[in-house]
Amino acid sequence: MKRFTAQSLFSLGLMFVALAAVSVRAAEDEKGWIALTDGKSFDGWKINESDKSWSIKDGAFVANGGRSHLFYVGDEKPFKNFTLNLKVMTKNNSNGGVYFHTKFQEEGWPKNGFECQVNNSYNSDPRKTASVYAVKDVLQAPAGDDEYFDYTIEVKDKTAKLFINGKLVNEYTEPEGTEAGKDFTRVFDEGTFALQAHDPGSTVYYKDIRVKRLP
């Protein structure tokens, strides 16, 4: 039978305390996160233009079809400062997008807010994943096709930071005096989120979407 000395018992106790501390920190890290999807339905979301462009597969929203946008409508309180996190996967030559500070509209490319580009290999647009579309663009894809990558969008006041797989890829701070554009506002405000189905040749998966409001 193995005998435990006072020193070994003390060390064991420290190990359990450390493990407990890790568990507490993990719980604290999750505090404030709100899941925006249940992986089974479109509850809390609203499709414009083309219902046929959207489906659900293996817990993910799948965008494939004519132009359409899926807007989050599950919370009446608009989002201003926040961290949005989701997993995204693109198929070859596919284009998509994640919008913030936007508003539901019946048709067309969303006028309000910003689009965070999803494009790892789409031939017809040089703006790659993590671009703040047409505002501050990324020309080299930070992720690849056919596997999920973590997409994190952090917005605080007049600054947006875009992370891919935990790495800061793009940061944009709005210059003082910037005014809303006529066709696309592209100014910091408040609003909701939207996902993009770009064209029939593009297939993009979006899943595990969650948000944390920031002060």
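Each remark here, short or long, concerns the structure printed above.
Bear in mind that the values here come from a model prediction, so they are computed numbers and not experimental data. (Residues numbered from 1 in each chain as written. Predicted model: local features only at pLDDT ≥ 70, side-chain atom pairs only at ≥ 80, totals over all residues. Heavy atoms only, no water.)

### Concerning the pattern of salt bridges
Alright, step 1. Summed over the entire model, instances satisfying the criterion amount to seven salt bridges.
Alright, step 2. Of the charged contacts in the structure, one is a salt bridge between Asp146 and Lys91, with a shortest N-O distance of 2.8 Å. With Asp146 in the loop between strand S8 (114-118) and strand S9 (149-156) and Lys91 in the loop between strand S6 (82-90) and strand S7 (96-102), this residue pair connects regions lying 55 residues apart in the sequence.
Alright, step 3. Between Lys158 and Glu174 there is a salt bridge, with the nearest N and O atoms lying 3.5 Å from each other. Taken together, the residues Lys158 in the loop between S9 and strand S10 (159-164) and Glu174 in the loop between strand S11 (167-173) and strand S12 (192-197) connect sequence positions 16 residues apart.
Alright, step 4. For Glu174, a relative accessible area of 11% puts it in the buried group.
Alright, step 5. Within the structure, one salt-bridge network assembled from shared partners comprises Asp125, Arg127 and Asp137. (Salt bridge = Lys/Arg side-chain N within 4 Å of Asp/Glu carboxyl O. Helix = DSSP H or I, 4+ residues; strand = E, 2+ residues; numbered from the N terminus. Buried < 20%, exposed > 50% of the residue type's maximum accessible area, 1.4 Å probe, protein only.)

### Quick word on the pairing of S11
Remember that side chains alternate between the two faces of the sheet whenever the strand is regular.
Alright, step 1. Examined bridge by bridge, S10 and S11 share six bridges and lie antiparallel to one another. Opposite Lys161, over in S11, you have Glu171 as the bridge partner.
Alright, step 2. Counting the residues that bridge the hairpin from S10 to S11 gives two residues, and of these Asn165 lies at a positive phi of roughly 50°. (Pairing = 2+ DSSP bridges.)

### Here we look at the side chain of Lys207
Alright, step 1. Looking at the secondary structure, you find Lys207 in strand S13 (residues 204-213).
Alright, step 2. Look at Lys207: it is buried, it has no salt bridge, and the nearest opposite charge is Asp208 at 4.6 Å.
Alright, step 3. When neighbours within four sequence positions are excluded, Lys207 is seen to be in contact with Gly59, Ala60, Leu86, Lys87 and Tyr148. (Lys, Arg positive; Asp, Glu negative; His and termini not counted. Contact = heavy atoms within 4.5 Å.)

### Details of the pairing of S8
Alright, step 1. Most of S8 is tucked away, with five of its five residues classed as buried.
Alright, step 2. Here S7 runs beside S8; their pairing, made up of five bridges, is antiparallel. Note on S8: the bridge partner recorded for Gly96 is Val118.

### A short note on the sheet that holds S8
Alright, step 1. Pairing is antiparallel across the open sheet formed by five strands, whose spatial order is S2-S5-S12-S7-S8. Both outer strands of the open sheet, strand S2 (45-47) and S8, are each paired with one neighbouring strand and no more. Averaged over all adjacent pairs, the angle separating strand axes in this sheet is 20°, with direction ignored.
Alright, step 2. In this sheet, S12 lies alongside S7 in antiparallel orientation, the contact comprising three bridges. Within the sheet, the bridge partner assigned to Tyr99 lies in S12 and is Ala194. (Axes fitted to C-alpha atoms, helices over the stretch in contact; angles between N-to-C directions.)

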